[in-house]
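Residues per chain are reported as follows:
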Amino acid sequence: RGRGGEGAVDAAKSPRRDTLGSPGTRGHENMVKQGLPDVLITTYETAKAELVKFVKTPGGRGTSIVDGPLLERIRPLNVLWVCDEISKLRNRNTAVYKAFDFVFRQMRKTHPADHRVFGLNATPLEPGWGNAFPQIRLLRPDPMPSWKACGAASGKGRDRVGRPHSTEARMHGLHLACRTAA
């Protein structure tokens, strides 16, 4: 079942850690019975489903994000997050990105000095630093410029066909902002 299963096998070899691999849709029920593991290996989609709930705003057009069952249980804990292939979180408009942004913000409020997030990635930054900005902003939001400043630095515009693009000269400014923060 993908790389999550391989990681669970590797982590299970460690005699000092309780490991639960990719809990799936019934993962919360299993964790209620067994308790939280020391190591949880899962996918972004499964984690999103367990960590947060998207609730339709009554009388409104949008949705808001609230704590899910797993986030309620881990909020008081000091959690080390290791996000493998963080390039999956490069688009801030996706539900998965919004979920992890919410979770990390909530955990930083609860544990301002101790919250740690590591992002692993072997994927090239395509098509450039514009894709890296959301990933770095998840990992280290404080030193990063705002989204508005990012747009100004990257010179977002449209090409002749109407596709969004960033000018090469302005991408250098965004590159420097990201390198300074990372």
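Just so you know, these numbers come straight off a predicted model, no measurement behind them.

Engineer: How should I be thinking about the confidence of the model for the chain in this particular structure?
Structural biologist: Note: predicted coordinates in regions of low pLDDT should not be interpreted at a detailed level. Per-residue pLDDT for the chain has a mean of 75; in total, 57% of the residues score no lower than 70. When pLDDT is averaged over each element of the chain, strand β3 (residues 52–56) comes out on top at 94 and helix α1 (residues 3–12) at the bottom at 54.

Engineer: Could you clarify how one ought to interpret the environment of Lys88 in this entry?
Structural biologist: Relative to the assigned elements, Lys88 resides in the loop between β5 (80–83) and α5 (95–110). Separated by 33 residues in the primary sequence, Lys88 and Asn121 have C-alpha atoms spaced 9.3 Å apart.

Engineer: What is the right way to read the environment of Val96 from this model?
Structural biologist: Inspection of the secondary structure assignment puts Val96 in helix α5. Sequence separation between Val96 and Ala47 is 49 residues, and the spatial gap between their C-alpha atoms is 8.9 Å. Setting aside chain neighbours within four positions, we find Val96 in contact with Tyr44, Glu45, Lys48 and Leu89.

Engineer: Explain the nonpolar core here, please?
Structural biologist: Among the nonpolar cores identified, the biggest contains 22 residues, and Leu51, Trp81, Leu89, Phe100, Val103 and Phe104 are the most heavily contacted of them. Of all elements in the fold, only α3 (44–51), α4 (69–74), β5 and α5 reach the threshold of two or more residues within this core. For this core, the element with the highest residue contribution is α5, accounting for 8 residues. Discounting chain neighbours no more than four positions away, the residues touching Phe100 are Tyr44, Ala47, Leu51, Trp81, Leu89 and Leu138.

Engineer: For this particular structure, what's the right way to read the pairing of β5?
Structural biologist: In regular strands, side chains alternate between the two faces of the sheet. Alternating residues of β5 divide into Trp81 and Cys83, all buried, and Leu80 and Val82, none buried. Pairing geometry for β5 and strand β6 (residues 116–119), over 4 bridges, is parallel. Opposite Cys83, over in β6, you have Gly119 as the bridge partner. Considered for its hand, the β-α-β crossover made up of β5, α5 and β6 is right-handed.

Engineer: Would you mind showing me how to read the pairing of strand β4 (residues 63–67) here?
Structural biologist: Inspection of the sheet shows β3 paired to β4 by 5 bridges, in the antiparallel sense. Across the sheet, Lys53 pairs through a bridge with Val66, a residue of β4. Where β3 folds back onto β4 in an antiparallel hairpin, the turn is made up of 6 residues, including Gly59, whose phi is positive at roughly 75 degrees.

Engineer: Would you take a moment to explain the packing of α3 against α5 for this structure?
Structural biologist: At a minimum axis separation of 10 Å, α3 and α5 run at an interaxial angle of 55 degrees. Taken together, α3 and α5 sit at an angle that is classed as oblique. Here α3 and α5 pass one another in a crossing that is left-handed. Across from Tyr44, Glu45, Ala47, Lys48 and Leu51 in α3, the residues of α5 making contact are Ala95, Val96, Ala99, Phe100 and Val103. Its residues assigned to classes, the contact of α3 with α5 comprises 8 nonpolar, no polar and 2 charged.

Engineer: Mind showing me how you'd approach the packing of aromatic side chains here?
Structural biologist: The geometry of two aromatic rings is summed up by the distance between their centres and the angle between their planes. Going through the model one piece at a time under the given rule, you end up with 3 aromatic pairs. Taking the centre distance of 5.2 Å and the plane angle of 70 degrees together, the rings of Trp81 and Phe104 count as edge-to-face. Taken together, the residues Trp81 in strand β5 and Phe104 in helix α5 connect sequence positions 23 residues apart. Each of the two residues, Trp81 as well as Phe104, counts as buried. One aromatic cluster in this structure is built from Tyr44, Trp81, Phe100 and Phe104.

Parameters and conventions
Residues numbered from 1 in each chain as written. Predicted model: local features only at pLDDT ≥ 70, side-chain atom pairs only at ≥ 80, totals over all residues. Heavy atoms only, no water. pLDDT = per-residue confidence, 0-100. Helix = DSSP H or I, 4+ residues; strand = E, 2+ residues; numbered from the N terminus. Contact = heavy atoms within 4.5 Å. Core = buried A, V, L, I, M, F, W, Y, C linked by side-chain atoms within 4.5 Å. Buried < 20%, exposed > 50% of the residue type's maximum accessible area, 1.4 Å probe, protein only. Pairing = 2+ DSSP bridges. Right-handed = clockwise from strand over helix to strand, strands pointing away. Axes fitted to C-alpha atoms, helices over the stretch in contact; angles between N-to-C directions. Parallel < 35°, antiparallel > 145°, perpendicular 65-115°, else oblique. Left-handed = near helix turned anticlockwise from the far one by under 90°. Nonpolar A, V, L, I, M, F, W, Y, C, P; charged D, E, K, R; others polar. Phe/Tyr/Trp six-rings, centres within 6.5 Å; stacked < 30°, edge-to-face > 60°.

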